[in-house]
Amino acid sequence: MAMRSMLTSSGIMDNEADPSYFPFNDLTLMGSTGGLSPYSGSQGNMSITSPMSTSSSPMHITDNYINLTNASVQVLGEPYINILVHPMDKFRFRYKSEMVGTHGSLLGASNGRRRNKNNVPTVQLHNFLDKAIIRCTLVTTDDEHTPHAHRLVKRMGTTDIDDPHDIEVSSANDFTAEFHSMGIIHTARKNIKDEIVRKLRAEVLEERKRSNFNATLSLRDDAQIKADAERYQKIINLNTVTLCFQAFIKDQHNVMRSITTPVYSNPINNLKSALTGELKICRIDKYTSSCEGGEEVFILVEKVSKKNIKIKFFELNDDDIEVWTDYGRFSELDVHHQYAMVFRTPPYKDLYITSPREVFIQLERPSDSDCSEPIKFTYKPSDRMIGRKRTRVSHSNSEELAQMAFNLDTPLMNTPLMNVPSNNDSTEISKEIKKMLEDKCSSSEFKEFVDHINLDLYENLLAQSEENKLTYDGAPSKKDNEMFAKNVIIDTIKRIKANPDKSKDIIVNMLKDRTTYGDSPLHYALRYGQKDVIKRILMLMSFVRTKSEELVNIQNSSGKTPLHYAVSQEHAEITNALLILGADPNISDHYGQMPLHRAVKFPEAKASIDVLLAEEKINIETNTDLGWTPLQLAAEAGSYYAVCSLIKAGADVNNTDMSYGRTALHIAVEGGHKDIVELLLKNTKIDVNKRNFSGNTALHTAVVTPGMKAKEICALLLKYGADPYIRNFNREPSNIEGDQVQNIKTEIHSDDENMKESIGQSSFDLASNKPDILQLVSNQNDTSLGAIKCKEENIDDTQKVWMDAVQEKQLADILDETKGWKKLARHLNFENLFNNFEESSSSSTLLLLNYIAIQTNISLSDLQNILQSIGEESAAVYIGQILSVLS
DNA sequence: CACCTTTTCCC
DNA sequence: CGGGAAAAGGT
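Basis of the calculations
Residues numbered from 1 in each chain as written. Chains lettered and ligands numbered in written order. Predicted model: local features only at pLDDT ≥ 70, side-chain atom pairs only at ≥ 80, totals over all residues. Heavy atoms only, no water. Helix = DSSP H or I, 4+ residues; strand = E, 2+ residues; numbered from the N terminus. Pairing = 2+ DSSP bridges. Near = heavy atom within 4 Å. Polar contact = N/O pair within 3.5 Å; in protein donor to acceptor, adjacent residues only side chain to side chain. Nonpolar A, V, L, I, M, F, W, Y, C, P; charged D, E, K, R; others polar. Phe/Tyr/Trp six-rings, centres within 6.5 Å; stacked < 30°, edge-to-face > 60°. Buried < 20%, exposed > 50% of the residue type's maximum accessible area, 1.4 Å probe, protein only. Axes fitted to C-alpha atoms, helices over the stretch in contact; angles between N-to-C directions. Core = buried A, V, L, I, M, F, W, Y, C linked by side-chain atoms within 4.5 Å. Contact = heavy atoms within 4.5 Å. UniProt positions renumbered as here; feature names shortened; annotations may be inferred. Salt bridge = Lys/Arg side-chain N within 4 Å of Asp/Glu carboxyl O.

Undergrad: Would you mind going over unusual backbone geometry with me for this structure?
TA: For residues that are not glycine, phi is negative in most cases, and the peptide bond is trans in most cases. Look at the link from D163 to P164: it is a cis peptide, with omega at 5°. Mapped onto the secondary structure, P164 falls in the loop between β7 (159–161) and β8 (165–169). In this model, N127 sits at a positive phi of 60°, which is unusual for a non-glycine residue. Although it is not a glycine, D174 sits at a positive phi angle of roughly 60°. Mapped onto the fold, D174 is located in the loop between β8 and β9 (176–178).

Undergrad: Whenever I open this one, the sheet that holds strand β21 (residues 340–344) confuses me. Can you help?
TA: Read across the sheet, four strands follow the order β15-β17-β21-β20 without closing on themselves; strand pairing throughout is antiparallel. Pairing within the sheet leaves two strands with one partner each, and these edge strands are β15 (281–284) and β20 (335–336). Where β15 and strand β17 (residues 296–301) come together, three bridges link them in antiparallel fashion. Each bridged residue has a counterpart across the sheet, and for R283 the counterpart in β17 is L300.

Undergrad: Where do I start with the protein's contact with DNA strand B in this structure?
TA: Close to DNA strand B lie R92, Y95, S97, E98, H186, A188, R189, K303 and Q338, which account for all nearby residues. Near the protein, meaning within 4 Å, the atoms of DNA strand B are sugar or phosphate in a fraction of 68%, with bases accounting for the rest. For DNA strand B, a phosphate oxygen lies 3.3 Å from a polar atom in the side chain of S97. Take R189: an N or O atom from its main chain is 2.4 Å from a phosphate oxygen of DNA strand B. Of the residues contributing to the surface near DNA strand B, the split by class is two nonpolar, three polar and four charged.

Undergrad: Sorry if this is basic, but what is going on with the protein's contact with DNA strand C here?
TA: In the vicinity of DNA strand C, the contacting residues are R92, R94, T102, H103, G104 and K272. Protein-adjacent atoms of DNA strand C, using a 4 Å cutoff, are sugar or phosphate at a proportion of 28%. Between DNA strand C and the protein, one listed contact pairs a base nitrogen with a side-chain N or O atom of R92 at 2.5 Å. Note that a sugar or linking oxygen of DNA strand C is positioned 2.8 Å from one of the backbone N or O atoms of G104.

Undergrad: Would you mind showing me how to read the environment of V703 here?
TA: In this structure, V703 sits in helix α25 (residues 698–704). Distance in space between the C-alpha atoms of V703 and S331 is 9.6 Å, their sequence separation being 372 residues.

Undergrad: Where do I start with the packing of aromatic side chains in this structure?
TA: Remark: the centre distance and the inter-plane angle together describe each pair of aromatic rings, the angle taken between the planes. Enumeration according to the criterion identifies eleven aromatic pairs in this entry. Judged by centre distance (5.5 Å) and plane angle (25°), the rings of F314 and F360 are stacked. Linking F314 in strand β18 (residues 310–316) with F360 in strand β22 (residues 357–365), this pair joins segments that are 46 residues apart in sequence. Between Y348 and Y379, the aromatic rings sit 5.2 Å apart at their centres with planes inclined by 35°, giving tilted as the arrangement. Of this pair, Y348 sits in the loop between β21 and β22 while Y379 sits in strand β24 (residues 375–380), and the two are 31 residues apart along the sequence. In this pair, the class of Y348 matches that of Y379, namely buried. Site record: aromatic cluster; members linked through ring pairs are F313, W324, F343, Y348, F377 and Y379.

Undergrad: Can you walk me through the sheet that holds strand β1 (residues 80–85) in this structure?
TA: Adjacent strands of a sheet form backbone hydrogen bonds with each other and so pair up, either parallel or antiparallel. The three strands are arranged β1-β4-β9 in an open sheet whose pairing can be described as antiparallel. If you trace the sheet from one side to the other, it starts and ends with β1 and β9, each paired once. Here the average twist between neighbouring strands, direction ignored, is 25°. Bridge count for β1 against strand β4 (residues 122–126) is five bridges, and the pairing is antiparallel. Across the sheet, the residue bridging to I83 is V123, located in β4.

Undergrad: What's the story with the nonpolar core in this structure? I'm lost.
TA: Generally speaking, nonpolar side chains in soluble globular proteins are found buried as a group. Core analysis: the biggest nonpolar cluster contains 91 residues, and L578, L596, L665, V677, L680 and L717 have the highest contact counts within it. The element contributing the most residues to this core is helix α15 (residues 531–543), with seven residues. Ignoring anything within four residues of it in the chain, the contact list for V677 reads L665, A668, V669, I713, L716 and L717. F93, F128, F179 and I184 belong to the second-largest nonpolar core, a separate cluster that totals 28 residues.

Undergrad: Would you explain the UniProt feature "repeat: ANK" (unreviewed entry) in chain A in this entry?
TA: Residues annotated in UniProt with the feature "repeat: ANK" (unreviewed entry) correspond here to residues 517–549, 558–590, 626–658, 660–683 and 694–729. The distance from the first to the last C-alpha atom of residues 626–658 is 7 Å, and the span holds 52% helix and 0% strand. Segment residues 694–729 splits into 50% helix and 0% strand. End C-alpha atoms: 5 Å apart.

Undergrad: Could you clarify how one ought to interpret the pattern of salt bridges in this entry?
TA: Pairing between side chains of opposite charge can happen when their charged atoms approach one another. For the coordinates displayed, the defined rule picks out 34 salt bridges. In this structure, the salt-bridge partner of R208 is D221, at a minimum N-O distance of 3.0 Å. On the criterion of sequence distance, the pair formed by R208 in helix α5 (residues 192–211) and D221 in helix α6 (residues 219–235) is long-range, its members being 13 residues apart. Sharing partners across several salt bridges, the network here consists of E296, R344, E636, D657, R662 and E670.

Given below as structure tokens:
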């Protein structure tokens, strides 16, 4: 729309007070139809060549002003009109039947600075001294600016007066015309032609009167008008109009003569239409996401067009300046019937945030860059990031000293735990834990551990760490600071020392302590990656083996057990230890996530996954509350290793997610995880053509997935038998182009042969605007079995461009000679059908070609490509010739 | 008949 | 008024 207004003279004149500017050069380029000449060359080309369009041609106007305002022009220059206030860009067009009572009138655009009470479309005439008339009419928004079929009416008392609306200007009103209380009447479709005829008649009559004030319309004029009206009604866009302003003076016969070129307002769009209507997010199923993004969000929206809509995420700083922008991830298949969409959140710019960040989401329509009102959205710190961030920040002296404090005691505990663990280190830990658990923590060892811990040094550190204490989610409390778990251990040991007889009770009670988020000490140590503390807790637990099961399965306030946190970290031995202590791998958190669901998302959790999967009782097909199995989540996260492990463990690859019926294959395709796609196709019995709830196969998804890998993934799918002819359940006419002046009614696209006869979109349809993928889909398919079975539905499609008999014969000769027809048959998997052709009469190729022509969807260029690929050079060249003749 | 769009109606 | 929705029309 922006571009459009640049093209009109009004766009240029707007707010320009430069009187030396004359739009005449533009006018010559733009054609002279303006709002006034109905005849604009029957081809719809530049109308200056039309003999009939003279009313506002540059020549004509020049004549006018020389005759009429000669003197003043010498001094002032050409008269011109300048738009002071444009009309509002959105307005409800009302049907005639709705025009009872009063409805809002067309106001001026809410111009930033001038906040006028009576803000209405306003224009001013310049370089003219006498009184004149400024006329306002309704015209189309396209370059021709022909009279619009809708009516621009002005309410006078109880009656509506049609355009043109004339306002007299003079020095008395500063040559300014304000157009008040106008409305736009939406002409019913059946009346459109009549309305256009009526307007054209009035115009042409006026035009005729300029040369002869007694003139009437000739038969020829009438015929021409009817023809034009016929043409206009086909291309008219009923949802956008433009105001046309032009200045006139009346001659001695009361005939209007123009003194300026017409100028055009910005377009006015119908507020009730889908194409130009208001963008709005009506409802959203959740307004938060982890800062990592990738979370599915459902929104209900006012009518959108799936090919012309984006979901923008942005953040403003304190000065309302946009500091971050990204877009929701979705394909056109995720837009449901123009009223709802499902997308994935983009990752936030900072994955290490420790407090929530407020951002905004809004709908954005690329065609006119219009946007909905933004709504708030919150990015939350990532669960998995907590530990890391902490670890990094807390690499302070006190941390290391704290380590030493612990390291002074038993020889078992002397590894530098907070360092990045080397292999040695981790086997060391593993051994320790194993030993610890196997020995069931012999009481002597336990006693030694309790006796030798260096509490004094540790307590000093406590005070010290107060200063650089880290806050968690902005709400530090005694139980929520980083020392929580350590404090519990210290307290426990102190109490045991004081009361050795009750050590088991003390341990059980102390390890049940919780933070305000419901974390037990073990949760806490795990979440903060305090490995040394973890070990100590495990040790304490192993000492109370009978109660350990209860302790190790404590759920925090989001329902997570320590195992949930253990599995996302790389120390599988901790996971193992928890399981030995009786952790139940099947406990779900409040989102229905079991530890396995969580683990599959973390690249560093590979070993833990295998440990989990080794558990006999683990259930690997459980759905989360969102209806996803671990395998599907792994596919979503792109965790190749996890997918592998799950498949080995017997996960059902054809299981589908409950919310959309996707298999892991759909999901991997959606995420662009080519490695996983290949793994699934190659090594499992996954159904490549399984359809989700919308009827989409993985190939449908692949075709509409943005990004470089999409093509390769399509190729893979096709290679493994994906059928591009399968249609989804989409029933919409998918041809609403995002382009500005498109009117649905005028769409007579017939280049989409597949489209018309049956319902739903095939992968071809979806690929129609992606040439490379389309080609891939077409070529590949013809080589696959899929090609045969789909033919039935296309048999009635006889429009197929094919060779004529002579050409067919020639091609057959070529292929008969080289025996290339055999290769072709084999390539198309038609071998069985043609096995005994050789014996049969005439040309085998001819039969084959006939079969291809009638029974398949293979086009000439497809055939050319196939021949090329099987090395039938000369045959391919021959088809190339046919094709070039055809085009 | 099912499903859209357009037009009319109503609060 | 602005918004919603039923009725009428079209495929």
